[in-house]
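Descriptive structure summary
Next come the chains, spelled out residue by residue.
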Amino acid sequence: MLLVVTYSTAARTGLRNLCRRHEETVARRFGRAALLDGTVYAAFLALRLRESHGGDVQIERTEPFNEFVALDDSVREAASAYANRDAKATPYAAFAAGTDHPDPDSMRGDEL
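Residues numbered from 1 in each chain as written. Predicted model: local features only at pLDDT ≥ 70, side-chain atom pairs only at ≥ 80, totals over all residues. Heavy atoms only, no water.

Per the stated rule, a full pass over the model turns up four aromatic pairs. Centre to centre, the rings of Tyr 41 and Phe 44 are 6.0 Å apart; their planes meet at 25 degrees, and the pair counts as stacked. Of this pair, Tyr 41 and Phe 44 both sit in helix α2 (residues 40-53), separated by three residues, roughly a single helical turn. A relative accessible area of 38% means that Tyr 41 is categorised as partly exposed. An aromatic cluster is present here, built from Tyr 82, Tyr 92 and Phe 95 joined pairwise through their rings. The aromatic ring of Tyr 82 is capped on one face by Arg 85, whose charged end is 3.7 Å from the ring centroid. (Phe/Tyr/Trp six-rings, centres within 6.5 Å; stacked < 30°, edge-to-face > 60°. Helix = DSSP H or I, 4+ residues; strand = E, 2+ residues; numbered from the N terminus. Buried < 20%, exposed > 50% of the residue type's maximum accessible area, 1.4 Å probe, protein only. Lys NZ or Arg CZ within 6 Å of the ring centre and 35° of its normal.)

Turning our eyes to something else, we now look at the layout of surface pockets. As a volume, the largest pocket reaches approximately 200 Å³. In this structure, the largest pocket is lined by Ala 70, Leu 71, Asp 72, Ser 74, Val 75, Pro 102, Ser 106, Met 107, Asp 110, Glu 111 and Leu 112. Tallied by class, the residues present in the lining of the largest pocket amount to six nonpolar, two polar and three charged. (1 Å grid on protein atoms, 1.4 Å probe; cavity = no way out; pocket = protein on both sides within 12 Å on 5 of 7 lines; lining within 4 Å. Points joined across faces, edges and corners; volume = space filled by probe spheres on them. Nonpolar A, V, L, I, M, F, W, Y, C, P; charged D, E, K, R; others polar.)

Grouped together as the largest cluster of nonpolar side chains are 15 residues, with contacts concentrated most on Val 4, Leu 15, Leu 18, Cys 19, Leu 36, Leu 49 and Val 57. Of all the secondary-structure elements, those providing two or more residues to this core are β1 (2-6), α1 (9-21), β3 (33-36), α2 and β4 (57-61). In this view, Leu 49 contacts Val 4, Thr 6, Ala 11, Gly 14, Leu 15, Leu 18 and Val 57; residues no more than four positions away in its chain are not counted. (Core = buried A, V, L, I, M, F, W, Y, C linked by side-chain atoms within 4.5 Å. Contact = heavy atoms within 4.5 Å.)

Moving on, we come to α1. For α1, spanning 13 residues, the distance from its first C-alpha to its last is 18 Å, which sits close to the expected 18 Å at 1.5 Å a residue. Taken together, the buried positions of α1 are occupied by Ala 11, Gly 14, Leu 15, Leu 18 and Cys 19. Here the buried residues of α1 occupy an arc of 135 degrees about the axis, which is enough to place them on one side. More than 90 degrees from the buried face of α1, the exposed residues found are Thr 9, Arg 20 and Arg 21. On its buried face, α1 sits against β1, β2 (26-29), β3, α2 and β4. (Expected span 1.5 Å × (residues − 1). Arc of directions from axis to C-beta.)

What follows is the structure, given as structure tokens:
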């Protein structure tokens, strides 16, 4: 997939027009950004937009996030347990203290 991000009003207008004219290529719109499918045609459209607006258009190639491949079970279980906690005001660090859930500081330093 391609993530196209715009940084000017004119580029946003161009992206909006691209999305309207080529709906079959657009996976998702986010206002000033859009996620296009991973086809050569989508790359052509994104490059055409960048040629028109230069540095006001950023294009990044992305891949879907598969939590079952990228993360340990403990992180998924901690996210689920924290989302379903009784005291909603409890910060994660306090929630995880004294449990088997991963420490937030250790997670911050670990690359995916």
